[in-house]
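Notes for the structure review
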Amino acid sequence: MLALQQSETYKRHRPETTLLYQLVERYYPDFTANLADQGKYLPNYVEREFDDFLRCGRLEHGFLRVVCNDCKHEKLVAFSCKRRGFCPSCGARRMAESAALLVDDVLLGYPIRQWVLSLPIPLRLLLARNPSELSKVMQIIHRAISTHIVNKAGFTNKQSKTGAVTLIQRFGSALNLNIHFHMLFLEGAISENPLSGTTFTRIKAPSHSDMVELVHTISYRIANYLEKVGLVERDIENSFLNLPIDDEDSLLQLQGASVSYRIAMGPQQGQKVFTLQTLPASNEGEYGQLANTSGFSLHAGVFANADEPEKLERLCRYISRPAISEQRLSMTDHGKVRYELKTPYRDGTTHVFFEPLDFIGKLVALIPPPRLNLTRFYGVFAPNSNLRAQITASQRGKNSPKIVNQKDGQSDKPYHARAMSWAQRLKRVFNIDITECEKCENHNVSIIACIIDIHVIQKILAHIDKKHPTSKQTKLLPHLRAPPDEQYTNDFTIQRDFNFGA
């Protein structure tokens, strides 16, 4: 578990003061109206994502009343949307909870290596349009890597097994649709002996030749499978995707533009997004545990030892992070949305620029469809594995130990780890102790009411505004203005035509 500093007092998140919220609030209605003029409409799950985001963290839509039992100081805690698309606040909470679950209950005690597989741009769009095929593609990837690990340990797949946790990321650092896989594999194989129990055999780090062989195997098997199910068609010279020409829900246009770094809305539709570039970064040191072929890229250079839980949790937080960072989002003086890349691209690209309506389209493309599980467990970590209960701290799965009741003896209910409470999540994510009163600093805080009635909400908020008048809401968006003159369009050495790479 990560070592936390002294906890801070709770301060309510005010999403209405953030640039992301203001952009969605102002331009999302115009975006949907623009689509309606074209006879296109968003799917219901996308509309719910935006509607719930605009309600997330707003006291006007309900809250909890939390009071200190000692000094009677009261505070209000707003509800969250709990969506998986682009909400930074809910994404941060989910990130910390996922990392805590993986480290404390699943991966702790074993050396872990991260394997990252990126797909060619056409396959990213193909899997976005056909999410049901993700499971089969991931099985192909896991089978290839796990067989490599087991063989390196000196066993066959019947004699020993390894395990992995895979997180599907749907976004790139430029807010582009980029389906790729972050896989946390055991750095070795686990074999079961009826007498001595389970035995872990560690292997050496993969070499560059191992990576090249693996990426060739994975790309070949995925291509054959997609061709077999009819999603990829080949002729003598070329291969092409079997996608529908017309799409009534408009997602094909938006996802296609997002995955190819192009503008989806407005008069410049189909052109490359604007970028800011500096000097290209050096390519030295890119080889080793990295291999590329036909647009597939496999990387395995990040590793955490069994005695490095803090490093492992940082890694788990990184791969389960939210899609958008508010700290890297800003506006230009000419009304464009500017987003800073987390790491500059090889060609020196540091920022991307969007028109506000096109920015909303980029958010739409990032929203995952419902009932798509973005975290998968394989091998010995799979729910139906006979070894999962023996090698994980949670002891959940087949052959789980039973709970022993002092009165009735052994219970039929299997043991399972206790879930984190909402207060524990806040403390682990934001280092905020909600159970501590900021007035008397006593840990005697409790929830006294859940307020959802609109009339009661209005009365309480009116009383608070009258008793504690606050300053006007911070506006981060520039005033509406006419389009800039052509002479100002190159203020930041903006590049339009460039190669993003994989």
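Use the structure listed above.
First things first, this report covers the structure right here in the doc. Computed from a predicted structure; not experimentally measured. (Residues numbered from 1 in each chain as written. Predicted model: local features only at pLDDT ≥ 70, side-chain atom pairs only at ≥ 80, totals over all residues. Heavy atoms only, no water.)

Next up on the list: the overall build of the chain. Counting its regular elements, the chain contains 12 helices and 20 strands. Within the chain, the proportion of its 502 residues that are buried is 47%. (Helix = DSSP H or I, 4+ residues; strand = E, 2+ residues; numbered from the N terminus. Buried < 20%, exposed > 50% of the residue type's maximum accessible area, 1.4 Å probe, protein only.)

This part covers the nonpolar core. Grouped together as the largest cluster of nonpolar side chains are 50 residues, with contacts concentrated most on Phe-50 and Phe-359. Secondary structure elements with two or more residues in this core: helix 1 (19–37), helix 2 (44–55), helix 7 (251–259), strand 10 (274–277), strand 13 (329–331), strand 14 (337–340), strand 15 (349–354) and helix 9 (356–366). Here this core gets nine residues from one element, more than from any other, and that element is helix 1. Those residues in contact with Phe-359, other than ones at most four positions away along the chain, are Leu-20, Leu-23, Leu-175, Ile-324, Leu-329, Val-337 and Phe-354. Counting 45 residues, the second largest nonpolar core, distinct from the first, contains Trp-115, Ile-168, Leu-214 and Ala-291. (Core = buried A, V, L, I, M, F, W, Y, C linked by side-chain atoms within 4.5 Å. Contact = heavy atoms within 4.5 Å.)

Along the chain, the position of Cys-71 falls in the loop between strand 1 (63–68) and strand 2 (74–78). Non-local contacts of Cys-71, meaning those with residues more than four positions away in its chain, are made with Cys-437, Lys-439 and Cys-440.

Applying the stated rule across the entire model yields nine salt bridges. As a salt-bridge pair, Arg-65 and Glu-74 come within 2.6 Å of each other at their nearest N and O atoms. Given a relative accessible area of 25%, Arg-65 falls into the partly exposed group. When salt bridges with common partners are traced through the structure, they connect Glu-16, Arg-58 and Glu-60 into a single cluster. (Salt bridge = Lys/Arg side-chain N within 4 Å of Asp/Glu carboxyl O.)

This paragraph deals with the sheet that holds strand 2. Strand order in the open sheet formed by three strands is 2-1-19, with antiparallel pairing between adjacent strands. A single partner strand is all that each edge strand has here, and the edge strands are strand 2 and strand 19 (445–451). Ignoring strand direction, the axes of neighbouring strands in this sheet form an average angle of 30°. Sheet topology note: the strand 1/strand 19 ladder contains six bridges and is antiparallel. Within strand 19, the position partnered with Leu-64 by the bridge is Cys-450. (Pairing = 2+ DSSP bridges. Axes fitted to C-alpha atoms, helices over the stretch in contact; angles between N-to-C directions.)

Glancing now at the packing of aromatic side chains. The geometry of an aromatic ring pair is captured by the separation of the ring centres together with the interplanar angle, meaning the angle of the planes. With the rule as written, the count across this model stands at seven aromatic pairs. Considering the side-chain rings of Tyr-28 and Phe-50, the 4.3 Å spacing of their centres and the 5° angle between planes classify their relative orientation as stacked. Highlighted residues: Tyr-28 in helix 1 and Phe-50 in helix 2, separated in sequence by 22 residues. Note on Tyr-28: relative accessible area 8%, which makes it buried. Ring-pair connections join several aromatic residues into one group, and the members of that group are Tyr-21, Tyr-28, Phe-50, Phe-53 and Phe-86. Just above the ring of Tyr-318 sits the side chain of Arg-321; from NZ or CZ to the centre is 4.1 Å. Above the plane of the ring of Phe-377 lies Arg-388, whose end atom (NZ or CZ) is 5.3 Å from the centre. (Phe/Tyr/Trp six-rings, centres within 6.5 Å; stacked < 30°, edge-to-face > 60°. Lys NZ or Arg CZ within 6 Å of the ring centre and 35° of its normal.)

This brings us to the sheet that holds strand 5 (residues 177–186). Pairing between the strands of a sheet comes from backbone hydrogen bonds, and it takes one of two forms, parallel or antiparallel. Taken in spatial order, the six strands make up an open sheet running 11-12-3-5-4-16, and their pairing is antiparallel. Only two strands of the sheet have a single neighbouring strand rather than two, namely strand 11 (290–293) and strand 16 (375–379). Mean inter-strand twist for the sheet, computed between neighbouring axes without regard to direction, equals 20°. Sheet topology note: the strand 4 (residues 163–171)/strand 5 ladder contains seven bridges and is antiparallel. Directly across from Val-165, in strand 5, lies its bridge partner Leu-184. Its contacts with the sheet put helix 4 (residues 121–129) on strand 5 and strand 12 (296–304), and the angle it makes with strand 5 is roughly 90°. Across the sheet, helix 8 (residues 309–319) is in contact with strand 3 (112–118), strand 4, strand 5 and strand 12; its angle to strand 5 comes to roughly 155°.

With respect to the helices and strands, Thr-293 occurs in strand 11. In this structure, Thr-293 is in contact with Val-215, His-216 and Ser-219, ignoring residues within four places of it in sequence.

Further remarks concern the pairing of strand 2. Of all five residues that make up strand 2, four are buried, and the element is covered over most of its length. In this structure, strand 1 lies alongside strand 2, joined through five bridges in antiparallel fashion. Residue pairing across strands places Leu-64 opposite Val-77, the latter belonging to strand 2. From the end of strand 1 to the start of strand 2, which pair antiparallel, there are five residues, and Lys-72 there has a positive phi angle of about 65°.

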